[in-house]
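# Geometric and topological summary
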Amino acid sequence: MEIETILEKCTNDTIEVTQHVLMRFHQRNISYAEVKEVIKNGEIIEDYPNDYPYPSCLILGKTAEGRILHTVVGLSETKLWIITAYEPDAEQWTEDFKTRK
C-alpha cells in the first residue's frame, strides 16, 4: 500500500469510522482530528495486503503537539476505513516505535 493512495482518500467524504472505533478513540483520549493528522503526516511501518475485508496498513505519526500515535487503516475502492488508533507501548516497540520488539 502506498501513502499517496491513502492521502487521496483522506477526506471527510471518503473516510469511514464506525461507532465502535469512535468509542475507542474516546476511551484512549484520541481525537478524530489527531488521527487524520497522523494519517496525513505519518509513514507506513507495516503493510497487511491480505487483510479482510480490505488491505490495510499501520501508520506511525506524530501530532502537532508531539503525541505519537499508531493508526491502522483499510483501503477499499472508494473509502478509507479507520480501524483503530492508539499510543504505542514502549515495552512492545523499539525506541522509534517503528519495529515490534
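Just above, that's the structure.
Residues numbered from 1 in each chain as written. Predicted model: local features only at pLDDT ≥ 70, side-chain atom pairs only at ≥ 80, totals over all residues. Heavy atoms only, no water.

## Comments concerning the nonpolar core
- The biggest cluster of nonpolar side chains holds 18 residues, and the ones touching the most others in it are I6, I39, I59, V73, L80 and I82.
- Within the second largest apolar cluster, six residues are counted, among which are L58, L60, V72 and W93. (Core = buried A, V, L, I, M, F, W, Y, C linked by side-chain atoms within 4.5 Å. Buried < 20%, exposed > 50% of the residue type's maximum accessible area, 1.4 Å probe, protein only.)

## A look at the pattern of salt bridges
- Enumeration over the complete set of coordinates arrives at five salt bridges.
- Here E34 and R67 are joined by a salt bridge, their closest N and O atoms 3.0 Å apart. Here E34, found in helix 3 (residues 32-41), pairs with R67, found in the loop between strand 3 (56-62) and strand 4 (68-75); they are 33 residues apart in sequence, far enough to count as distant. Grouping residues by exposure puts E34 and R67 together as buried.
- The shortest N-O distance in the salt bridge between E87 and R67 comes to 3.3 Å. Of this pair, E87 sits in the segment after strand 5 (80-86) while R67 sits in the loop between strand 3 and strand 4, and the two are 20 residues apart along the sequence.
- Owing to a relative accessible area of 48%, E87 belongs among the partly exposed residues under this scheme.
- On the accessibility criterion, R67 (16% relative accessible area) is buried.
- Beyond isolated ion pairs, a larger network of salt bridges with shared partners links E34, R67 and E87. (Salt bridge = Lys/Arg side-chain N within 4 Å of Asp/Glu carboxyl O. Helix = DSSP H or I, 4+ residues; strand = E, 2+ residues; numbered from the N terminus.)

None of the figures reported here should be taken as evidence of function without further support.
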